[in-house]
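Coordinate inspection notes
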Amino acid sequence: MLISRNIQRIKPSVTLAITARAKAMLAEGIDVVSLSAGEPDFDTPQNIKDAAIRAINQGFTKYTPATGILELRKAICKKFERDNGLAYDPSQVIVSCGGKHSIYLAILALVDEGDEVIIPRPYWVSYPEQVRIAGGNPVVLTPTKENGLKVSPQDLRSALTSRTKLLILNSPSNPSGIVYTRDELAALAEVVLEAGIYVLSDEIYEKIIYDGARHCSIASLVEGMVERTVVVNGVSKSYSMTGWRIGYAAGPEAVISAMGKIQSQETSNSCSIAQMAALEALTGPQDSVGAMIEAFDRRRRYIVDRLNSIEGISCPVPQGAFYVFPDVSSYYGFFHKGKRIEDSVDFCEFLLDEMKVACVPGAGFGMDTNIRLSYATSLENIEKAMDRIEEGLKKLQR
Ligand SMILES: *Cc1c(COP(=O)(O)O)cnc(C)c1O
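What comes next concerns the included structure. As the structure is a computational prediction, the values presented were derived from the model and not from experiment. (Residues numbered from 1 in each chain as written. Predicted model: local features only at pLDDT ≥ 70, side-chain atom pairs only at ≥ 80, totals over all residues. Heavy atoms only, no water.)

Time to look at the sheet that holds strand β6 (residues 198–202). In spatial order, the strands read β2-β8-β7-β6-β5-β3-β4; together these 7 strands make up an open sheet with mixed pairing. The strands lining the two open edges of the sheet, one partner per strand, are β2 (93–96) and β4 (137–141). Direction aside, the axes of adjacent strands within the sheet are offset by 20° on average. (Pairing = 2+ DSSP bridges. Helix = DSSP H or I, 4+ residues; strand = E, 2+ residues; numbered from the N terminus. Axes fitted to C-alpha atoms, helices over the stretch in contact; angles between N-to-C directions.)

Given below as structure tokens:
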């Protein structure tokens with residue numbers, strides 16, 4: 001076989017696959033309502049666009065330092081100080097081509113062939129695959145039920161081996177919307193320090209949080225944790241800038257400089273124009289963030305109520321991000337037109353083919369009992385989708 005063994009182990013992103021299929025149906029003129037989006041439906045704020053246009057007109061269109069322009073790295077340091085109580089030097093910050101790329105660089109910098117990386121379930125689809133690309137072994141950890149979907153210190157302890165190198169945490173979480181409290185993170189930090197492992201803390205949904213929940217960075221909690229943590233964040237979700245491809249990471253200087261070395265050989269710098277836009281996002285007016293969260297919050301309440309009013313579906317209230325992750329497994333074993341629904345992929349195929357609603361199967365997140373619905377779309381679309389799902393499920397037969 002021509003393709004390397006390492007790459008043969010990797011699966012393509014399921015979230016992108018179902019979105020592509022829904023888009024193809026839309027292109028054929030089929031009236032599909034998509035709840036599969038992994039990005040805000042708002043436009044990038046005007047002040048940010050203007051900063052990019054200025055950068056183009058001023059000829060800021062050349063290579064930048066590989067780890068990003070100093071002004072932006074300084075602004076990122078200020079953000080960490082202000083929002084997370086973390087003091088970094090610009091040499092401890094790297095700007096890359098999206099948060100996804102920052103995560104990948106951190107994994108490449110930390111993981112050796114055969115190292116184990118603990119990934120709590122449900123996880124963001126890219127974590128296990130990126131660990132595999134690096135030659136590491138993802139160890140998927142199922143949290144014990146009494147904690148909901150949160151990892152407890154005992155859960156973490158039980159997954160540790162002599163090969164464990166890294167724990168990947170994502171709070172607020174995509175897909176579950178759970179947000180770890182300060183105390184929960186502090187308890188995990190104690191286990192991390194005791195075990196001498198590292199944490200990759202994906203905090204990309206930091207700003208998208210509800211009901212007075214507070215985001216807390218594990219790096220800021222227990223003495224010594226900042227030396228053990230790579231914090232990843234970015235502008236994609238908070239400022240509706242997914243297409244601009246700017247993410248960043250901060251951590252121990254040795255790790256960040258290794259990440260910079262990889263990036264310098266891999267992509268050079270991230271886009272110069274997008275860096276200027278990100279600088280404006282972090283330092284300019286922040287009111288668009290609040291307006292976006294208010295809209296998400298209204299949709300969140302609506303979609304949770306609608307889902308929980310459907311027999312056989314139970315949907316916890318997410319505290320962050322813009323997804324709901326209900327358990328739909330009570331419908332497994334039901335039939336439609338003679339076809340038996342066996343798992344989350346069959347369930348989503350039924351919703352897409354028969355009801356013209358696109359959702360993402362939980363299997364891609366390591367939890368086949370659930371599906372992910374995104375509420376980063378208009379209330380009108382959500383209402384239409386929920387009407388269709390409700391009606392569709394009545395057609396299923398035992
Ligand atoms: C969207 C997302 C990211 C990063 O997105 P980028 O567009 O690459 O910045 C990282 N982690 C999670 C969990 C996400 O949902």
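This part covers helix α4 (residues 70–84). An ideal rise of 1.5 Å per residue puts 21 Å on 15 residues; α4 measures up with 20 Å between its terminal C-alpha atoms. All of the buried residues along α4 are Leu72, Arg73, Ala75, Ile76, Cys77, Lys79, Phe80 and Asn84. Summarising the contacts, the buried residues of α4 are in contact with β2, β7 (229–234), β8 (247–250) and α10 (272–283). Where α4 terminates, the next one or two residues include glycine 85, which has phi positive at roughly 65°. (Expected span 1.5 Å × (residues − 1). Buried < 20%, exposed > 50% of the residue type's maximum accessible area, 1.4 Å probe, protein only. Contact = heavy atoms within 4.5 Å.)

Before going further, it helps to examine the environment of arginine 398. Checked against the element boundaries, arginine 398 lands in the segment after α13 (379–394). On the basis of relative accessible area, arginine 398 is assigned to the exposed category, the value being 74%. Spatially, the C-alpha atoms of arginine 398 and cysteine 216 are 45 Å apart, while their sequence positions differ by 182 residues. When near neighbours in sequence (up to four residues on either side) are disregarded, arginine 398 contacts Phe334 and Phe335.

Burial analysis of strand β5 (residues 164–170) places 6 of its 7 residues in the buried class, the great majority of the element. Across 3 bridges, the pairing between strand β3 (residues 116–120) and β5 is parallel. Directly across from valine 117, in β5, lies its bridge partner leucine 166. For β5 and β6, the ladder comprises 5 bridges, and the chain directions are parallel. Each residue of the ladder has a partner; that of asparagine 170, found in β6, is aspartate 202. Regarding topology, helix α8 (residues 182–195) serves as the crossover connection from β5 to the parallel β6, and that connection is right-handed. (Right-handed = clockwise from strand over helix to strand, strands pointing away.)

Moving on, we come to the packing of aromatic side chains. Between two aromatic rings, the relevant description is the distance of the centres plus the angle of the planes. Counted by the stated rule, this structure contains 12 aromatic pairs. With 5.8 Å between their ring centres and 90° between their planes, phenylalanine 80 and tyrosine 248 make a pair best called edge-to-face. Separated by 168 residues along the polypeptide, phenylalanine 80 in helix α4 and tyrosine 248 in strand β8 bring together distant segments of the chain. Here phenylalanine 80 and tyrosine 248 have matching classes, each one buried. Note on phenylalanine 296 and phenylalanine 322: the rings are 5.1 Å apart at their centroids and 35° apart in plane angle, and the pair reads as tilted. Of this pair, phenylalanine 296 sits in helix α11 (residues 287–308) while phenylalanine 322 sits in the loop between α11 and β9 (323–324), placing them 26 residues apart in sequence. (Phe/Tyr/Trp six-rings, centres within 6.5 Å; stacked < 30°, edge-to-face > 60°.)

Once that is clear, we can look at the site of the ligand. In the vicinity of the ligand there are 14 residues, among which Gly99, Asp202, Tyr205, Lys237 and Arg245 approach most closely. At a separation of 2.6 Å, an oxygen atom of the ligand approaches a polar backbone atom of glycine 99. Between the ligand and the protein, one listed contact pairs an oxygen atom with a side-chain N or O atom of tyrosine 205 at 2.7 Å. Summarising the interface, the protein chains cover 95% of the accessible area of the ligand, which totals 390 Å² for the free molecule. The site holding the ligand turns out to be the largest pocket. A total of 3 residues in the shell around the ligand trace back to one element, the largest contributor, which is helix α5 (residues 99–110). (Near = heavy atom within 4 Å. Polar contact = N/O pair within 3.5 Å; in protein donor to acceptor, adjacent residues only side chain to side chain. Areas by Shrake-Rupley, 256 points an atom, 1.4 Å probe, with all protein chains shown as cover. 1 Å grid on protein atoms, 1.4 Å probe; cavity = no way out; pocket = protein on both sides within 12 Å on 5 of 7 lines; lining within 4 Å. Sits in = over half its atoms within 2 Å of the grid points.)

Moving on: the sheet that holds strand β14 (residues 371–374). The antiparallel open sheet is built from 3 strands, whose spatial order is β9-β14-β13. Looking at strand neighbours, the two that pair on one side only are β9 and β13 (360–361), the edges of this open sheet. Inspection of the sheet shows β9 paired to β14 by 2 bridges, in the antiparallel sense. Looking at β14, one finds that valine 324 is bridged to leucine 373.

So, on to the packing of α4 against α10. The geometry of α4 relative to α10 is characterised by a closest axis approach of 10 Å and an angle of 30° between their N-to-C directions. One way to sum up the angle between α4 and α10 is to call them roughly parallel. The way α4 lies across α10 gives a crossing that is left-handed. Residues Glu71, Leu72, Ala75, Ile76, Lys79 and Arg82 of α4 form the contact with α10, whose participating residues are Gln275, Ala278, Leu279, Leu282 and Thr283. For the contact of α4 with α10, a count of residues per class yields 6 nonpolar, 2 polar and 3 charged. (Parallel < 35°, antiparallel > 145°, perpendicular 65-115°, else oblique. Left-handed = near helix turned anticlockwise from the far one by under 90°. Nonpolar A, V, L, I, M, F, W, Y, C, P; charged D, E, K, R; others polar.)

With respect to the helices and strands, tyrosine 302 occurs in helix α11. You can call tyrosine 302 partly exposed: its relative accessible area is 23%. If sequence neighbours within four positions are ignored, tyrosine 302 has contacts with Leu379, Ile382 and Glu383.

Following arginine 121, the chain continues into proline 122 via a peptide bond in cis, with omega recorded as -5°. As for its placement among the helices and strands, proline 122 is situated in the loop between β3 and α6 (126–133). In this structure, the amide linkage connecting serine 171 to the following residue, proline 172, adopts the cis form with an omega of -10°. Along the polypeptide, proline 172 turns up in the loop between β5 and α8. Of note, serine 268 is a non-glycine position whose phi angle comes to about 55°, a positive value. Tracing the backbone shows serine 268 in the loop between α9 (253–266) and α10. Although it is not a glycine, lysine 337 adopts a positive phi angle of roughly 50°. Mapped onto the elements of the fold, lysine 337 is located in the loop between β10 (335–336) and β11 (339–340). Exposure remark for lysine 337: the relative accessible area of 71% places this residue in the exposed category.

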